[in-house]
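The lines below spell out each chain.
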Amino acid sequence: MNSLVPARLRPRDVARVGAAGLRVRTSRVVMSALGIAIGIATMISVIGISASGQEQLLRQLDQLGTNLLRVEPGQSFSGDPVKLHPDAALMVRRISGVTGASTTGTVAVNIRRTDRIPKEDTGGLTVQATSLDLLNTLDGHVGTGRWLDEAIARQPAVVLGTVAAQRLGVSRTGTQVWVGERWFTVTGILASLPLAPEIDRAALIGFPAARERLGFDGHPTTVYERSREETVKQVRGMLARTVSPERPHEIAVSRPSDALVARAAAAGTFTNLLLGLGAVALLVGGVGVANTMVISVLERRKEIGLRRALGATQGQIRIQFLTESLLLSVLGGVAGLALGTLVTTGYALSQGWPPMVPTWVLAGAFAATLAVGAIAGIYPAIRASRLAPTVALAAS
């Protein structure tokens, strides 16, 4: 007598049986898939927005360059302030590899919109005397009006950084502002300078006007230096000794582009936190899928008993419910991939960033979806396969 051999389920049959189990519980399937979708969308959005911001930063660094160095005085051992030589820029230009050097000097006066505003209300702005080649060194440009020249630098004229103009409420040239104890005329407003945010918050006047009209002593407080990319490291090591041969330890040399890199690192730390929250959301979604599948097993005991009575093996029952769990997770995962990509693209474009969703993120998110579906479906599938046909059919 030949023993009965159970029929084999082809992959197409397995998919059809699994999909049939989901179609009869549409509302519950949608709610369970939503949990997976939210988790996947969160992870995609967090990584995508971070990648878009980093891509924007890299493009910004490529445009601005990393060859700008800033020289500032520190403090002596006695705690007294250190002064740079009036010809510090000229000394720096003699270094091999240097392509430009400019200076600014802090003037001990305040700038206010009118003379009726209290002196204490500085708005966080400074007044800086500047050399005329500053914009060339910083690779900046004037947004409105004109920059200082030899003639204007001797007059009561001022060029405002972009932040300074906003805080003073100045939007056009020809406006009078109160500098120290006299009126100055705004001749220009600069565009933003990402590598020199201190200039954005400054009012710039010529060295001659600062000395003759505001009592400036002529000592610069900052030297900005540009050099060829291949000589940055060499030049950086020579700047302090060049500016102050006798006391180089009292000179601080920094690279402004390092601040942008540090900001990206800080943003990456925050991204890891949000990524963890996305993983928690995905875990909660997986629990929802498992809960849905367990309830499905309890509700469909008669179906399971009937299939077992008709010859379905325990393995086929396991495959059926595991397939349902995988399809449910994939449904949520696909929705999450689409939603996460849409959110990333929308946010990046609103910020003027290039939208970036790395391929490995999409692949990783889909793999995570399959893993969650498989893990969430293992227990319900085993539970369903262990139901005895007689007990399942007798269930009310």
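Everything below is about the structure shown above.
Draft legend 1. Fine view of the pattern of salt bridges. Summed over the entire model, instances satisfying the criterion amount to 10 salt bridges. The residue Lys119 makes a salt bridge to Glu181 at a minimum N-O spacing of 3.3 Å. Of this pair, Lys119 sits in the loop between strand 3 (111-112) and strand 4 (126-130) while Glu181 sits in the loop between strand 7 (176-179) and strand 8 (182-190), and the two are 62 residues apart along the sequence. A relative accessible area of 54% means that Glu181 is categorised as exposed.

Draft legend 2. Structural view of the packing of helix 11 (residues 314-350) against helix 12 (residues 359-385). Two elements in contact, helix 11 and helix 12, have axes separated by 7 Å at closest approach and are oriented at 150°. For the element pair helix 11 / helix 12, the angle class is roughly antiparallel. Handedness of the helix 11/helix 12 crossing: right-handed. Its residues assigned to classes, the contact of helix 11 with helix 12 comprises 17 nonpolar, nine polar and one charged.

Draft legend 3. Region of interest: the environment of Leu331. Mapped onto the fold, Leu331 is located in helix 11. Separated by 38 residues in sequence, Leu331 and Thr369 place their C-alpha atoms 9.2 Å apart. For Leu331, the residues in contact, after removing those within four places along its chain, are Val29 and Ala33.

Draft legend 4. Quick peek at the side chain of Arg112. Among the secondary structure elements, Arg112 is positioned in strand 3. It is Glu181 that comes nearest to the buried, bridge-free Arg112 among opposite-charge side chains, at 4.3 Å.

Draft legend 5. Main features of helix 7 (residues 207-214). Among the residues of helix 7, Phe207, Pro208, Ala209, Ala210 and Leu214 are the ones counted as buried. Directly beyond the C-terminal end of helix 7, a positive phi value near 70° is found at Gly215.

Draft legend 6. Fine view of the packing of aromatic side chains. Applying the stated criterion across every chain yields a total of three aromatic pairs. Judged by centre distance (5.0 Å) and plane angle (75°), the rings of Trp178 and Trp183 are edge-to-face. Judged by its relative accessible area of 11%, Trp178 is buried. Ring centres of Phe207 and Phe216 lie 5.6 Å apart, and the angle between their planes is 45°; this geometry places the pair in the tilted category. Taking relative accessible area as the criterion, Phe207 reaches 11% and is therefore assigned buried. Judged by relative accessible area, which is 8%, Phe216 ranks as buried.

Draft legend 7. Main features of the side chain of Glu225. On the secondary structure map, Glu225 appears in strand 10 (residues 222-227). Although Glu225 is buried, it makes no salt bridge; Arg226 carries the closest opposite charge, 8.1 Å away. A distance of 3.2 Å separates a polar atom in the side chain of Glu225 from the backbone nitrogen of Ser227.

Procedures and definitions
Residues numbered from 1 in each chain as written. Predicted model: local features only at pLDDT ≥ 70, side-chain atom pairs only at ≥ 80, totals over all residues. Heavy atoms only, no water. Salt bridge = Lys/Arg side-chain N within 4 Å of Asp/Glu carboxyl O. Helix = DSSP H or I, 4+ residues; strand = E, 2+ residues; numbered from the N terminus. Buried < 20%, exposed > 50% of the residue type's maximum accessible area, 1.4 Å probe, protein only. Axes fitted to C-alpha atoms, helices over the stretch in contact; angles between N-to-C directions. Parallel < 35°, antiparallel > 145°, perpendicular 65-115°, else oblique. Left-handed = near helix turned anticlockwise from the far one by under 90°. Nonpolar A, V, L, I, M, F, W, Y, C, P; charged D, E, K, R; others polar. Contact = heavy atoms within 4.5 Å. Lys, Arg positive; Asp, Glu negative; His and termini not counted. Phe/Tyr/Trp six-rings, centres within 6.5 Å; stacked < 30°, edge-to-face > 60°. Polar contact = N/O pair within 3.5 Å; in protein donor to acceptor, adjacent residues only side chain to side chain.

Spatial relationships are all this shows, so hold off on functional conclusions.
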